[in-house]
Amino acid sequence: GEMFQGEHEAILPEETYRAVERLRKENLRHRSAPNRKGPVAFLKGLLRCRSCGAAMIHSYTEKAGRKYRYYTCSRAMKQGFDTCPDPTVNALAMEEAASTCLKKVMEGQEGLRDFFAFTWDSLFPAERARIFRSALEGLDYDGKTGALSLRLSERGMQDLVREIAPAEAEVA
């Protein structure tokens, strides 16, 4: 499209805008087919139960035509729900908490601050899931306290800086 001189100051730095446009175009070209089994599970393969160390598996149930998503401790699924102190957690609440935590961490990272401050909330779910998988080695959920701990991937963080803010990464 054409660019026109604006009458107001830019909200985003030029480098951030260009990085977002690259991601948006890449997302349109490589977006996977819709998940026919249900919504994207951002934390799939990342979330673990701190009580027993087992993976927490995404699932959902349907009642009265509505889907209720949750993550369940895999040990509790295999050995019985009495083997884990808090075997299930609401998926949406967990994903929102993880998203908020990741966004706060990223806003503190040079080269990622503007992207996460201005763009994160508007990303497609599949793109958010991809960024989760890149930025994190995993998450630990403590059902007793409700605490969520993020384990960052140093390499993944570096890759995101290069992808999202290449001009700023070259300076660093």
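Refer to the structure above for everything that follows.
Everything numeric here is computed off the predicted structure, so don't read it as measured data. (Residues numbered from 1 in each chain as written. Predicted model: local features only at pLDDT ≥ 70, side-chain atom pairs only at ≥ 80, totals over all residues. Heavy atoms only, no water.)

With respect to the sheet that holds strand β5 (residues 136-142)
And then number 1: Here we have three strands laid out as an open sheet, ordered β1-β5-β6, and mixed in their pairing. Two strands close off the open sheet at either side, each with one partner strand: β1 (47-49) and β6 (147-152). For this sheet, the mean angle separating the axes of adjacent strands, direction not counted, is 25°.
And then number 2: As judged from the three bridges shared by β1 and β5, these two strands associate in the parallel manner. By the bridge assignment, R48 is partnered in β5 with D140.
And then number 3: Each of β5 and β6 is contacted by helix α5 (residues 125-135), which is oriented at about 95° to β5, the strand it contacts most. (Pairing = 2+ DSSP bridges. Helix = DSSP H or I, 4+ residues; strand = E, 2+ residues; numbered from the N terminus. Axes fitted to C-alpha atoms, helices over the stretch in contact; angles between N-to-C directions. Contact = heavy atoms within 4.5 Å.)

So, the side chain of S99
And then number 1: As for its position among the elements, S99 is in helix α3 (residues 91-107).
And then number 2: Taking relative accessible area as the criterion, S99 reaches 8% and is therefore assigned buried.
And then number 3: Setting aside chain neighbours within four positions, we find S99 in contact with W120, R128 and F132. (Buried < 20%, exposed > 50% of the residue type's maximum accessible area, 1.4 Å probe, protein only.)

Re the packing of aromatic side chains
And then number 1: Throughout the structure, instances matching the rule amount to four aromatic pairs.
And then number 2: Aromatic side chains F115 and F116 sit 5.2 Å apart centroid to centroid with 80° between the ring planes, which places their arrangement in the edge-to-face category.
And then number 3: Relative accessible area serves as the criterion here: at 1%, F115 is assigned to the buried category.
And then number 4: Taking the relative accessible area as the measure of exposure, F116 reaches 0% and is therefore buried.
And then number 5: Ring centres 5.8 Å apart and planes at 65° place the aromatic pair W120 and F132 in the edge-to-face group. Highlighted residues: W120 in the loop between α4 (113-118) and α5 and F132 in helix α5, separated in sequence by twelve residues. Each member of the pair, W120 as well as F132, carries the same accessibility label: buried. (Phe/Tyr/Trp six-rings, centres within 6.5 Å; stacked < 30°, edge-to-face > 60°.)

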